[in-house]
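Examining the three-dimensional arrangement
Each chain is listed here by its residues.
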Amino acid sequence: MSSKLLSLAINPARYSALRRSTLSPVLRNASFPTLTRLNSTLEGTKTFASNPAKDLPPVSHATQSSSASSDPCQVTILPNGIRVTTENTPGHFSAVGVYVDAGSRYETEETRGVSHILDRLAFKSTTNRTTEQMTTDLESLGGNIVCSSSRESIMYQSAVFRQDLPRMISLFADVVRNPLIDPAEVDEQRQTALYEIEEIWSKPEMILPEILHTAAYQNNTLGNPLLCPPEKLEVMAPEAIRSFRDTWYRPERMVIAAAGASHEELVSLAEEHFGDIPRSEVPLDSVETHKEMQRHQLDAVSSPSSPSSIVSRHPFYNTSIAQKPSLIKKLTTATASLLKPPPPPLAPPSPRDLATLPAYYTGGRAFIENPDLPHTHMQIAFEGLPIHNPDLYALATLQILLGGGGSFSAGGPGKGMYSRLFTNVLNQYHWVESCVAFNHCYTDSGLFGISASCRSEYNNLLLEVVCHELDLVTRSDMGPKGVTEPELRRAKNQLKSSLLMNLESRMVQLEDLGRQVQVAGKKTPVAEMLAKIEEVDLETLRRVAGMVVRGAVKSSSGGSGEVTVVAQGDLRGLKDATKVAAKYGLGTGAGVLRWGQ
């Protein structure tokens, strides 16, 4: 089950907004582990189809049928390692995408920000097309064509008429394989990205999730910035971009996926346009490296003598800090300042080191003083669950149950007006501007918490209210103030219906398919997801809620278990957020950084 689907279950209307936002990939991550087995092999390729037998044990490199359609999900592995997967749902349009297991979590100090620039350079000039020719070809296809980068993937996606599928695959092959990376285009995107970063920094709802990751995973993996740091923009060279592509754009780390297309046709097109990519001499298969990453995480937990050793091979950020950082440089400054000075330099990590390095949740706090903002924006988070954890269904249900929204939300039955944050917070405290639960989920970790805003004179009260609500969902001794059976039943029904409704979108179906196959090599059936959601009971919900917000996830992840708090606005008089959280038994405390204008 894709974390994208879990995120969209809260607010399906956010899908189009996510497409327009540079930070949107934060919410578009990986997917649940698959639960069935390989059942057929063809000469020259490996093809997998669904097997409905429920008593078969799970194995690697498997796929499942999609309950959203009558046709099974199929996966074929080409001789060079590229995975080709389809769900042949009926309709006039086909959604097709190319997914590369690359992203900001794999960047080093030398390649910091390359994913962001690669995103911006997509559909520019190639060795076969000028920028003008590319634009003409895109416009002639019509439909919806996008590229987006996230922490764990770079995705090229489109929705076109079925008869245009061969043209789209041909164009994708040119874009993915033959980008020119012209210095003039790189310079142009440098300037555009700088403007984009300035705009994002002016919008707390967009920049706070980025700062949250920086504080929660200090100087490692998921804490790497999605946005290219300004000082890196100034020196970004085509050679660094090409080096990153050479390292990560390998056939065994690519998935070509389609929803609403014949599997045989897509395999044929993939072989024609991607089949001649040489097989890697030293394979770095996406499915295998994600499994190895999980093994490293378990090994680190079983050897607790040095938890930070999980990230000891990861390159550190440049810790030089300007005396008075400008607005657009604050993110980089924060990343550098959240840690103690780094240890002596180590040998550069190999691609396998980076591909298998598990995330290390540190927790922390980061505050941005900006008295000009009309409201204080705050996010309180804890280490959540990775995609392979079976308790993720309960955590997704908890996110729906908490729900929330804004003070001017157009509420109504089915739109969250009966969620706990809506009824207990927004309807009770006139000074709360917004309050909503979030759940960012990745292959080896996650972030769960609440995002809220209010006028600055109520900063401390907002902390108390949010922590109180998180405490309530863990307890069974609060009577009607705790979670009730009707609340749980309503949340599960909302989650199931939202999941199914979102899968009606061809583009959502495509991304869910592509990312699941990329991470696990197979796809979890929708019927199985629905059954797992239905199995969630009050005891399970409270147990999972307590495990997350009280920091007990660290026992399985090796993280710190501490609370992460980030805020932007007029922060004068704000209490120690860690102490407020500790009063309710949430997290265990962390260091603090305060930024000035």
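The structure under discussion appears in the preceding block.
Description of the structure in this document. (Residues numbered from 1 in each chain as written. Predicted model: local features only at pLDDT ≥ 70, side-chain atom pairs only at ≥ 80, totals over all residues. Heavy atoms only, no water.)

1. Quick word on the overall build of the chain
Heads up, the condition is: Runs of H or I in DSSP of at least four residues are treated as helices and runs of E of at least two as strands, each being numbered from the N terminus. Throughout this description, buried means an accessible area under 20% of the type-specific maximum (1.4 Å probe, protein chains only), exposed means over 50%, and partly exposed covers the range between. Surface exposure here means Shrake-Rupley accessible area, sampled with a 1.4 Å probe, where a residue is shielded only by the protein chains that are shown.
Along its length, the chain carries 22 helices and 14 strands. Every one of the 597 residues in the chain was classed for burial, and the buried ones make up 61%. Counting every atom, the chain has about 22,500 Å² of accessible surface; 54% of that belongs to carbon and sulfur.

2. Regarding empty space enclosed by the protein
Basically, it comes down to this: The method works on a 1 Å grid over the protein atoms by themselves. A cavity is a set of points holding a 1.4 Å probe that cannot get out, a pocket is an open set with protein on both sides within 12 Å along at least five of seven lines, and residues with an atom within 4 Å of a point line them. Grid points are joined across faces, edges and corners, and a volume is the space filled by probe spheres set on the points. Put simply, Ala, Val, Leu, Ile, Met, Phe, Trp, Tyr, Cys and Pro go in the nonpolar bin, Asp, Glu, Lys and Arg in the charged bin, and everything else, Gly too, in the polar bin.
Scanning the model with the defined rule gives three cavities of 30 Å³ or more in all. Here the largest cavity defines a volume of roughly 110 Å³. In terms of lining, the largest cavity is formed by 14 residues, of which the most central are Leu118, Leu121, Ala122, Val175 and Pro179. Residues belonging to the lining of the largest cavity are distributed by class as follows: nine nonpolar, two polar and three charged. Roughly 70 Å³ of volume is contained in the second largest cavity. As for the second largest cavity, its lining consists of ten residues, and the residues nearest its centre are Leu401, Tyr418, Ser419, Arg490 and Gln494.

3. Quick notes on the packing of helix α14 (residues 392-402) against helix α20 (residues 538-549)
Rule in force here: The axes are straight lines fitted to the C-alpha atoms, using for helices just the contacting stretch, and the angles between their N-to-C directions are given from 0 to 180°. Here the angle decides the label: under 35 degrees means roughly parallel, over 145 means roughly antiparallel, 65 to 115 means roughly perpendicular, and every other value means oblique. Should any heavy atoms of two residues lie within 4.5 Å, those residues are considered in contact.
For the pair α14 and α20, interaxial distance at closest approach is 9 Å and the crossing angle is 90°. Judged on the interaxial angle alone, α20 and α14 are roughly perpendicular. Contacts from Ala394, Leu395, Thr397, Leu398 and Leu401 in α14 reach Thr540, Leu541, Val544, Ala545 and Val548 in α20. Within the contact of α14 with α20, the residues separate by chemical class into eight nonpolar, two polar and no charged.

4. Points about the pairing of strand β2 (residues 74-77)
Along a regular strand, successive side chains alternate from one face of the sheet to the other. Rule in force here: Pairing between two strands is assigned when DSSP locates at least 2 bridges connecting them.
In terms of strand pairing, β2 meets strand β3 (residues 83-87) through four bridges, oriented antiparallel. Looking at the pairing, glutamine 74 lines up with threonine 86 of β3. Connecting β2 to the antiparallel partner β3 that follows it, the hairpin turn spans five residues, and glycine 81 within it adopts a positive phi of roughly 105°.

5. A closer look at the packing of aromatic side chains
Short version of the rule: By convention, a stacked pair of Phe, Tyr or Trp rings (six-membered ring in the case of Trp) has centres within 6.5 Å and planes under 30 degrees apart, an edge-to-face pair has planes over 60 apart, and any other such pair is tilted. Ring-over charges, as used throughout, are those where CZ of Arg or NZ of Lys falls within 6 Å of the ring centre and within 35 degrees of the ring normal.
Evaluation of the coordinates by the stated rule reveals eight aromatic pairs. Taking 5.4 Å as the distance between ring centres and 50° as the angle between the ring planes, the aromatic pair formed by tyrosine 429 and tryptophan 431 counts as tilted. Judged by relative accessible area, tryptophan 431 falls into the buried class, the value being 7%. Following the ring pairs from residue to residue traces out a cluster consisting of Tyr106, Phe244 and Trp248. Over the ring of tyrosine 249 we find arginine 245; its NZ or CZ atom is 4.5 Å from the centre of that ring. We note arginine 253 situated over the ring of tyrosine 106; from NZ or CZ to the ring centre the distance is 5.4 Å.

6. Let's talk about unusual backbone geometry
Unlike most non-glycine residues, phenylalanine 123 shows phi in positive territory, near 65°. Among the structural elements, phenylalanine 123 can be located in the loop between α3 (114-121) and α4 (131-141). For phenylalanine 123, a relative accessible area of 12% corresponds to the buried category.

7. Notes on the pattern of salt bridges
Using the following cut-off: The working definition used for a salt bridge is a side-chain nitrogen of Lys or Arg within 4 Å of a carboxyl oxygen of Asp or Glu.
Scanning the entire structure with this criterion turns up 30 salt bridges. With its nearest N and O atoms 3.0 Å apart, the salt bridge here joins arginine 105 to aspartate 444. Placement of arginine 105 in the loop between β4 (93-100) and α3 and of aspartate 444 in the loop between β11 (432-441) and β12 (446-454) is noted, with a sequence separation of 339 residues between them. On the accessibility criterion, aspartate 444 (1% relative accessible area) is buried.

8. Some thoughts on the pairing of strand β13 (residues 564-569)
Within β13, six of the six residues are buried, leaving the element largely enclosed by the surrounding structure. Alternating positions in β13 separate into two faces, Thr564, Val566 and Gln568 on one and Val565, Ala567 and Gly569 on the other, with burial throughout. Here strand β8 (residues 364-369) runs beside β13; their pairing, made up of six bridges, is parallel. From the neighbouring strand, alanine 366 faces β13, where its bridge partner is valine 566. Where strand β9 (residues 376-383) and β13 come together, five bridges link them in antiparallel fashion. What sits directly across from glutamine 379, in β13, is valine 566.

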